[in-house]
Each structure stands twice: as structure tokens, then as C-alpha cells.
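Chain residues, written in single-letter form:
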Amino acid sequence: YLDTLTVLGKEGVDLEAAQKKVAAVIRRQHHIRVGQKDDFKTYNQQEALQNINQAALIFKIAFYSIAGISLVVGGIGIMNIMLVSVTERTREIGILKSMGMTDRGILRVFVLQGAWIGIVGTAVGYGLEGGRALVELMYCDFMGRAGDELFNQVAKWQSMSAGVLKMPLVVR
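Conventions we followed
- Residues numbered from 1 in each chain as written.
- Predicted model: local features only at pLDDT ≥ 70, side-chain atom pairs only at ≥ 80, totals over all residues.
- Heavy atoms only, no water.
- Helix = DSSP H or I, 4+ residues; strand = E, 2+ residues; numbered from the N terminus.
- Buried < 20%, exposed > 50% of the residue type's maximum accessible area, 1.4 Å probe, protein only.
- Contact = heavy atoms within 4.5 Å.
- Axes fitted to C-alpha atoms, helices over the stretch in contact; angles between N-to-C directions.
- Parallel < 35°, antiparallel > 145°, perpendicular 65-115°, else oblique.
- Left-handed = near helix turned anticlockwise from the far one by under 90°.
- Nonpolar A, V, L, I, M, F, W, Y, C, P; charged D, E, K, R; others polar.
- pLDDT = per-residue confidence, 0-100.
- Salt bridge = Lys/Arg side-chain N within 4 Å of Asp/Glu carboxyl O.
- Expected span 1.5 Å × (residues − 1).
- Polar contact = N/O pair within 3.5 Å; in protein donor to acceptor, adjacent residues only side chain to side chain.

**Q** Would you explain the overall build of the protein chain in this entry?
**A** Tallying secondary structure elements over the protein chain gives eight helices and three strands in all. Ordered by position in the sequence, the α and β elements of the protein chain form the string β-α-β-α-α-α-α-α-α-α-β. Buried residues in the protein chain amount to 20% of all 172 residues. Put simply, 67% of the contacts in the protein chain that link residues at least 6 apart link residues at least 24 apart.

**Q** In this structure, what is going on with the packing of helix 2 (residues 45-88) against helix 4 (residues 103-128)? I would like to understand it.
**A** Between two packed helices, what matters for the description is the angle formed by their axes and the separation of those axes. The interhelical angle for the contact between helix 2 and helix 4, taken along N-to-C directions, is 140 degrees, at an axis separation of 10 Å. Here helix 4 runs oblique to helix 2, going by the angle between their axes. Handedness of the helix 2/helix 4 crossing: right-handed. Where helix 2 abuts helix 4, its residues I78, M82, S85 and V86 lie against F110, Q113, G114, I117 and G118. Counted by class, the contact of helix 2 with helix 4 contains five nonpolar, four polar and no charged residues.

**Q** Help me understand the confidence of the model for the protein chain, please; the structure alone is not making it clear to me.
**A** In regions of low pLDDT, the predicted coordinates are not meant to be interpreted in detail. Residues with a pLDDT of 70 or more make up 74% of the protein chain, whose mean pLDDT is 77. Under a pLDDT of 50 for its full length, residues 163-172 has, in the predicted model, 50 contacts with residues more than four places off or in other chains.

**Q** I tried to follow the pattern of salt bridges on my own but got confused; where do I start?
**A** When the charged atoms of two side chains lie near each other, side chains of opposite charge can form a pair. A complete count under the given rule lists three salt bridges for this structure. Its salt-bridge partner being D103, residue K97 comes within 2.7 Å of it at the nearest N-O pair. Under the relative-accessibility criterion, K97 is labelled partly exposed at 43%.

**Q** Could you clarify how one ought to interpret helix 4 in this entry?
**A** Helical geometry note: an α-helix holds 3.6 residues per turn, so side chains three or four residues apart project in the same direction. Compared with an ideal rise of 1.5 Å per residue, which puts 26 residues at 38 Å, helix 4 spans 38 Å between its outermost C-alpha atoms and is within 8% of the ideal. Along helix 4, the residues classified as buried are G105, I106, F110, G114 and G118. The elements touched by buried residues of helix 4 are helix 2 and helix 3 (90-98).

**Q** What's the story with unusual backbone geometry in this structure? I'm lost.
**A** With glycine set apart, most residues show a phi of negative sign, and most peptide bonds adopt trans. Backbone geometry places H31, a non-glycine residue, at a positive phi of 55 degrees. Checked against the element boundaries, H31 lands in the loop between helix 1 (15-29) and strand 2 (42-44).

**Q** What is the right way to read the side chain of R27 from this model?
**A** Position of R27 among the secondary structure elements: in helix 1. Residue classification places R27 among the buried positions, given a relative accessible area of 19%. Among the polar contacts made by the side chain of R27, one reaches the main-chain carbonyl oxygen of R33 at a distance of 2.7 Å. In terms of polar contacts, R27 uses its side chain to reach the backbone carbonyl oxygen of Q36, at 3.4 Å.

**Q** Is there a simple way to think about helix 2 in this case?
**A** With 44 residues, helix 2 should cover 64 Å at 1.5 Å per step; its first-to-last C-alpha distance of 64 Å lies within 8% of that length. Those residues of helix 2 that sit buried are Q45, L49, I52, A56, M82 and S85.

**Q** I would appreciate a short explanation of the environment of A18 in the present structure.
**A** The topology assignment puts A18 in helix 1. The exposure class of A18 is partly exposed, given its relative accessible area of 23%.

Here it is as C-alpha cells:
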């Protein structure tokens, strides 16, 4: 018996109507009466493409969430380092105040030092990993290299859905 049947519609054919007609023919060939459950399943590439796009969106949201949490944790770390820096440098702050520096000026010095630490740390980390993480997060390139056949078909399905190729109907 057949395991898979792929049907390719002509240009301008309504995919859902074609899917229903193919299902009706198979029901008749399998002697399935009205009201009985089908012993086969029909899929079309548009449904598969929607599922893949939804999975890609979930992955993208998960990775952006992880990146956001990492940024918050990094910010808390810098904040703690600055707090320790201020408490350890009370003598220096006293000297700066005695020389006439305002509280606002002292705050500006510490904020600029914290910003400098964050910028240098980011640049060093980005340089050490070769600059790939940001690009992979933005474009989900990690999926294309996953080796999973499902993700390797995305480009073909997208070109099919754009009308370059016709959308096949797969029946299993």
C-alpha cells in the first residue's frame, strides 16, 4: 500500500478545496462511510510553514529573553561592583569634596567609571567570541545549521508559498 502521496495543484487552484477533494477520493477508496474517522491524514506545506515560523518565533523570543536576563544580571553585577568601589573609596570621596567637587560631580565620576567598565567588558566579550552571537540571535542562523531536515526545508517552503513553486499537498 502507499505510505505517502504527494499531490501538486495547478496554478490558481484553491489548496483547501483540492485537499478536501483528495481526502474525499481517498475516503471512497478506503471504503470509509460518512461519520467514520479517517484512517489517513492530509497536510499542506502552508500549515507546515506556519508551524515552523511559530517554532522559530518561540526560539527567538526564548533567546531574546535569555539575553535580556543576562543583561539585567550583568547590570546588577556592575551596580554591586560600583557600590563596593564607593564604600572602599570613601577617603578619596572625602578628599574630592574637600577640594570643592560637588556631589553631582562625584556621582558623574562613578557613573562614567561604571559605563566604561560595561563598555570595555562588552567589547572584550564580543571580540573574544568573534562577533557571531548577535548575528545568530537576530537572524536565527543556528536553525539552518542544526542539521534537522525540517529546518533545511524552510527556504523551499517559503519559495513555494511565494508562488515560485506550487504548494504540494502531502497525504499520509
